[in-house]
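# Coordinates in review
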Amino acid sequence: MVDIFDLKQYPAEPFKIKSVETIKTVTKEDRIKAIEEAGYNTFLLKSEDCYIDLLTDSGTNAMSDKQWAGIMVGDEAYAGSKNFLKLEKVVKEVFGFKHLVPTHQGRGAENILSSIAIKEGQYVPGNMYFTTTRYHQEHNGGIFVDVIRDEAHDAALDVPFKGNIDLNKLEKLIDEKGAENIAYVCLAVTVNLAGGQPVSMKNMREVHELCSKHGIKVMYDATRFAENAYFIKEQEEGYQDKSIREIVKEMFSYADGATMSGKKDGIVNIGGFLALNDDELFGKAKELVVVYEGMPSYGGMAGRDMEALAIGLEESLQDSYIEYRVKQVRYLGDRLKEYGIPIIEPAGGHAIFLDARRFCDHLTQDEFPAQALAAAIYVEGGVRSMERGIVSAGRDVKTGENHYPKLETVRLTIPRRVYTYKHLDIVAETCKHLYEHRKDIKGLKFTYEPAQLRFFTARFEHID
Ligand code: PM9
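Right, let's walk through the structure included here.

Reading the values: the criteria
- Residues numbered from 1 in each chain as written.
- Predicted model: local features only at pLDDT ≥ 70, side-chain atom pairs only at ≥ 80, totals over all residues.
- Heavy atoms only, no water.
- Core = buried A, V, L, I, M, F, W, Y, C linked by side-chain atoms within 4.5 Å.
- Buried < 20%, exposed > 50% of the residue type's maximum accessible area, 1.4 Å probe, protein only.
- Contact = heavy atoms within 4.5 Å.
- 1 Å grid on protein atoms, 1.4 Å probe; cavity = no way out; pocket = protein on both sides within 12 Å on 5 of 7 lines; lining within 4 Å.
- Points joined across faces, edges and corners; volume = space filled by probe spheres on them.
- Helix = DSSP H or I, 4+ residues; strand = E, 2+ residues; numbered from the N terminus.
- Nonpolar A, V, L, I, M, F, W, Y, C, P; charged D, E, K, R; others polar.
- Phe/Tyr/Trp six-rings, centres within 6.5 Å; stacked < 30°, edge-to-face > 60°.
- Lys NZ or Arg CZ within 6 Å of the ring centre and 35° of its normal.
- Pairing = 2+ DSSP bridges.

Formed by 76 residues in total, the largest nonpolar core has its most connected members in Phe95, Tyr220, Phe225, Met251, Phe252 and Leu313. With residues near it in sequence (within four places) discarded, phenylalanine 95 still touches Val90, Phe225, Val248, Lys249, Phe252, Phe273 and Leu313.

Another point: empty space enclosed by the protein. By the definition in use, this model includes two cavities of 30 Å³ or more. Of the pockets and cavities examined, the largest cavity occupies roughly 60 Å³. Glu110, Leu113, Ser114, Thr133, Gln137, Tyr184, Cys186, Met219, Tyr220, Asp221 and Thr259 are the residues that line the largest cavity. For the lining of the largest cavity, the secondary structure elements donating two or more residues are α4 (106–117), α5 (131–139) and β6 (218–221). Grouping the amino acids of the lining of the largest cavity by side-chain chemistry returns five nonpolar, four polar and two charged. Approximately 40 Å³ is the volume found for the second largest cavity. Along the walls of the second largest cavity sit Asn41, Thr42, Phe43, Gln371, Met386, Glu387 and Phe455, which together make up its complete lining. Residues belonging to the lining of the second largest cavity are distributed by class as follows: three nonpolar, three polar and one charged.

For the structure on display, the rule yields 19 aromatic pairs. Ring centres of tyrosine 10 and tyrosine 331 lie 4.9 Å apart, and the angle between their planes is 80 degrees; this geometry places the pair in the edge-to-face category. In this pair, tyrosine 10 sits in the segment before α1 (28–37) while tyrosine 331 sits in helix α12 (residues 319–338), placing the two residues 321 residues apart along the sequence. An angle of 20 degrees between the planes, with centres 6.5 Å apart, marks the rings of phenylalanine 95 and phenylalanine 97 as stacked. The pair phenylalanine 95 / phenylalanine 97 is uniform in exposure class, with both members buried. One aromatic cluster is present, built from ring pairs that chain together Phe95, Phe97, Tyr220, Phe225, Phe252 and Phe273. Directly above the ring of tyrosine 129 sits arginine 134, whose terminal nitrogen or CZ lies 4.2 Å from the centroid. Cation over ring: arginine 388 sits above phenylalanine 455, and NZ or CZ is 4.7 Å from the ring centre.

By the criterion of burial, strand β2 (residues 99–103) is predominantly enclosed, with five of the five residues buried. The alternating pattern of β2 places His99, Val101 and Thr103 and Leu100 and Pro102 on opposite faces, both of which are buried. One ladder, built from five bridges, connects β2 with strand β8 (residues 272–276); its direction is antiparallel. Within the sheet, the bridge partner assigned to threonine 103 lies in β8 and is glycine 272.

A few words now on the environment of lysine 263. Following the sequence through the fold, lysine 263 ends up in the loop between β7 (257–261) and β8. When its relative accessible area of 11% is taken as the criterion, lysine 263 is described as buried. In this structure, the C-alpha to C-alpha distance between lysine 263 and leucine 309, residues 46 residues apart in sequence, is 8.6 Å. In this structure lysine 263 touches Asp57, Ser58, Gly59, Asn61, Gln105, Val268, Asn269, Ile270, Gly271 and Arg416, once residues within four positions along its chain are discounted.

Structural data, given as structure tokens:
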């Protein structure tokens, strides 16, 4: 039973609310109309038609008073902005990297890294794929190989650090293909599509040791670095007395570079970067950033956005903030489990993932159970979520066949500092009501399927 007054288990918000945005309520009749018009794709709903918007934690964060004040000191010079210099200083201090290349968001950094570091036909092992990351790797001739531990593909299994790389899988790949045919290892902290699962410090250290032995670089996807650091502090032996800042510094000492979407743990609405240690790679990245993003001193971001990101990165390291953040997400997971609703266990850092295979066990994966469930949750309670299953996984670039991921999930993603525990109670109640008549959820088929990253704009209709 969830004790909602247990402050250790579920800390109160470590902030006061200074500015608010009114939420519109939408009738069930209007929600049915809205989802039909959106082709049963929650990405295509209008934001004002959503009562509680848990589509993503990306760019949906509430900025602090200090960040808004930072917006006012934006130096919008075309080159050499003082906000860039501040962001560069913060990135160097927090992560310990030598060089910073700002980008408009995470995928801008992925585009540049994949272009400069992958040669046609090289392998890119990673701890599960992410949609935009894999797209850029494959678009640049890379072959993605999933080397995450097997446990990550088992939704019901509750073990810590499900995001770890399986070192045997990685070593086998290096032995079979040869170190020269590995572009780099891509290590995401945390692993989004595995359910926001963290990677242990031990695993990062071991991956670094193995790769150094073979001269292979390790590039992190740092998007949710602070949440990962909190899990280490909470659950890995020897880290309880260390600050989040110290843990982050050690995590990144095992990396050669990182891509970052600032829109998540940077607690901003836009922005990202590529950080590197290697001088030669940095030189190449600077040449490309001017083609795709902008001058190396703004890379697609306004000066004010770089200032807000610099402040947000610092705020994400505050122990009270990050503890509250991770535990608020866990609260939703605990409420859902109380109702017997199947989720990916343990709860991740940014979201709770409903296990659509078990929730909709009357549908086959070809009937897009997670897509159908996300649409049904919206109709039930006006709560917007996101499919993270077969539709997101897309098709094999060579064969054109659908990928069939083991995890077929709906993600209830919690924006940072936006919703209260009470909002999450409503989300849990919505899921409970739907779970009681889950057999009424009908499967879906495509009426429009885009060639790339299809989940963003695809349209569907019910299967009769
Ligand atoms: N993630 C998310 O909702 C936003 C777009 S995809 C639906 O989870 C990782 C781990 C991410 C991520 C974005 C990106 C790309 C890279 N790595 O959205 O381009 O979760 O800033 O970052 C989204 P950008």
